[in-house]
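# Coordinate inspection notes
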Amino acid sequence: MTLRADFLVDRRRLKRSLALWRLLAIAAAVALVAGLAFQSDDFATAIGYKPHIARVNISGLIREDTDREEMLKDIAKSKHVKAVILRVNSPGGTTVGGESLHRAIQNLRKKKPVVAVFSTVATSAAYMAGIASDHVIARGSSITGSVGVILQWAEVTELLGKLGVKMEEVKSGALKAIPSPFQPLDEAGRALTQEMVSESQKWFVDLVAKSRSIDPGAIPGLTEGRIYSGRQALKLKLIDQLGGEDDAIAWLEEKRKIEKDLKVIDWKAKESQSTDWLRITAKSVAIWTGLPATALDKLFAPGNALERVQLDGLVSVWHAQTN
């Protein structure tokens, strides 16, 4: 009899324990769904964030990004977003990345007022993106400009020769696969490469001239790709105002009659998973071997050496000297 009573007591305890774990699992699932939904416009509306100003961060090296462009389209269609602030902190990236982002922002500003706020650096393709907005603000010490295009490659024929490696190739024409890291650039190849870079440079300069309503020839160093401080850029009409996000909000309220005291909500595109597996694997190795994780954080941080070497094609980026 005692054994049966103990069995019943243990069974009740087990049921209560299972019920508790079920409740915790349901709560965790609800929290996960809520966390994912928090990024959506509908959820922001549900918790009282309508209407609001959308903040979009543009950082690291800029590449063509369909997820980011879809997000900008969603912002343009949202009835709850009344204006957009672009927070730009980037040295640039690929020319195609800057071009596609510039166009996406132009399409966005047809629906919403857009203000670009430059942080530490907004150069090359990042400057290209920023000037697509209605109003450009930078700090006095921000670095901007660097209107230009480069095409870089490593020529490794001498190194291969020392290693006893000789590259052979059969190609359809003399200019096929030019420039190439496996052969010195001849005069015809250099002329062709320079022609392509110069054409892209002219396109970039014309884009700046049209967007900023300026004469590029009247701006010292613009066509040579020089950089400017925010104070210099303001004097040369490359930006519109010195300041930060508070000044952007004030401009929107005064010039575009946006409702005062609106909340500013971060909108984020779906995060790319392209290097996540590599980051996770590398950090796991660091833990197992006792290597400092901070070094890996720097390696995988936006805009660092690992990301720079992955850039392909024509590049519009300012390379700062780093230690």
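Within every chain, residues take consecutive numbers counted from 1 along the sequence as written. Side-chain atom pairs in this predicted model are given and counted only at pLDDT of 80 or more, local residue features only at pLDDT of at least 70, and totals for whole chains, interfaces and linings cover all residues. To get the side-chain values, all heavy atoms of the structure are used, and hydrogens and water are removed first.

Should a side-chain nitrogen of Lys or Arg be within 4 Å of a carboxyl oxygen of Asp or Glu, the pair is scored as a salt bridge. The final tally for this structure, using the stated rule, is twelve salt bridges. Between Lys 73 and Glu 70 there is a salt bridge whose closest N-O contact spans 3.6 Å. Of this pair, Lys 73 and Glu 70 both sit in helix H3 (residues 66–77), three residues apart, which is roughly one turn of the helix. A 1.4 Å probe rolled over the protein chains alone gives each residue an accessible area, and that area as a share of the maximum for its type sets the label: buried under 20%, exposed over 50%, partly exposed in between. Under the relative-accessibility criterion, Lys 73 is labelled partly exposed at 47%. A relative accessible area of 42% means that Glu 70 is categorised as partly exposed. Three or more residues joined by partner-sharing salt bridges are found here, namely Arg 55, Arg 87, Glu 245 and Asp 266. A helix here means a DSSP run of H or I that spans at least four residues, while a strand means a run of E at least two residues long, and both kinds are numbered starting from the N terminus.

The topology assignment puts Ala 54 in strand S1 (residues 52–62). Ala 54 sits in the buried class, given a relative accessible area of 0%. Along the backbone, Ala 54 and Leu 262 are 208 residues apart, and their C-alpha atoms lie at a distance of 10.0 Å.

To continue, consider the packing of aromatic side chains. Only Phe, Tyr and Trp rings take part, Trp by its six-membered ring, and two of them pair if their centres are within 6.5 Å. Stacked means planes under 30 degrees apart, edge-to-face means over 60, and tilted covers everything else. Inspection of every chain in the model, using the stated rule, returns two aromatic pairs. Measuring from ring centre to ring centre gives 6.2 Å for Phe 118 and Tyr 127, while their planes differ by 65 degrees; the resulting arrangement is edge-to-face. Residue classification places Phe 118 among the buried residues on the basis of a relative accessible area of 2%. When its relative accessible area of 1% is taken as the criterion, Tyr 127 is described as buried. Ring geometry for Trp 203 versus Phe 204: centroids 6.4 Å apart, planes at 45 degrees, classification tilted. Residue class for Phe 204 comes out buried when judged on its relative accessible area of 0%.

Now for the environment of Val 88. Along the chain, the position of Val 88 falls in strand S2 (residues 81–94). What makes Val 88 buried here is its relative accessible area of 1%. Distance from Val 88 to Val 121, taken between C-alpha atoms, is 7.6 Å for residues 33 residues apart in sequence. Discounting chain neighbours no more than four positions away, the residues touching Val 88 are Ile 58, Val 117, Phe 118, Ser 119, Val 121, Ala 122 and Ala 126. In this description, contact between two residues means that some pair of their heavy atoms is separated by no more than 4.5 Å.

On to the confidence of the model for the protein. Here the protein averages 81 in pLDDT, while 70% of its residues score no lower than 70. A residue's pLDDT is the confidence the predictor assigns to it, expressed on a 0 to 100 scale. Residue range residues 272–277 is modelled with pLDDT below 50. Its contacts to residues more than four positions away, or to other chains, number two contacts. Note on residues 299–306: pLDDT under 50 across the span, and 13 contacts to partners over four residues away in sequence or across chains.

It is worth spelling out the packing of H3 against helix H4 (residues 95–109) at this point. Two elements in contact, H3 and H4, have axes separated by 9 Å at closest approach and are oriented at 10 degrees. In terms of orientation, H3 and H4 fall into the roughly parallel class. Of the residues in H4, those touching H3 at Arg 68, Glu 69, Leu 72, Ile 75 and Ala 76 are Ser 100, Leu 101, Ala 104, Ile 105 and Leu 108. Looking at the contact of H3 with H4, its residues break down into seven nonpolar, one polar and two charged. Between N-to-C directions, angles span 0 to 180 degrees; the directions come from axes that are lines fitted to C-alpha atoms, helices contributing only their stretch in contact. Roughly parallel here means an angle under 35 degrees, roughly antiparallel means over 145, roughly perpendicular means 65 to 115, and every remaining angle is called oblique. Polarity classes work like this: nonpolar for Ala, Val, Leu, Ile, Met, Phe, Trp, Tyr, Cys and Pro, charged for Asp, Glu, Lys and Arg, and polar for all others, with Gly in that last group.

What follows covers the pairing of strand S3 (residues 114–123). Buried residues dominate S3, accounting for eight of its ten residues. Following DSSP output, two strands are said to pair if at least two bridges run between them. Alignment of S2 against S3, held across six bridges, turns out to be parallel. Bridging across to S3, Arg 87 finds its partner in Val 117. When the strands point away from the viewer and the path from the first strand over the helix to the second turns clockwise, the crossover is right-handed. Crossover connection from S2 via H4 to parallel S3: handedness right-handed. Strand direction decides the pairing type here: S3 and strand S4 (residues 135–138), joined by four bridges, are parallel. Bridge pairing in S4 places Phe 118 opposite Ala 138. For the crossover that starts at S3, traverses helix H5 (residues 125–130) and ends in the parallel S4, the hand is right-handed. Examined bridge by bridge, S3 and strand S5 (residues 143–145) share three bridges and lie parallel to one another. Looking at the pairing, Ala 122 lines up with Thr 144 of S5.

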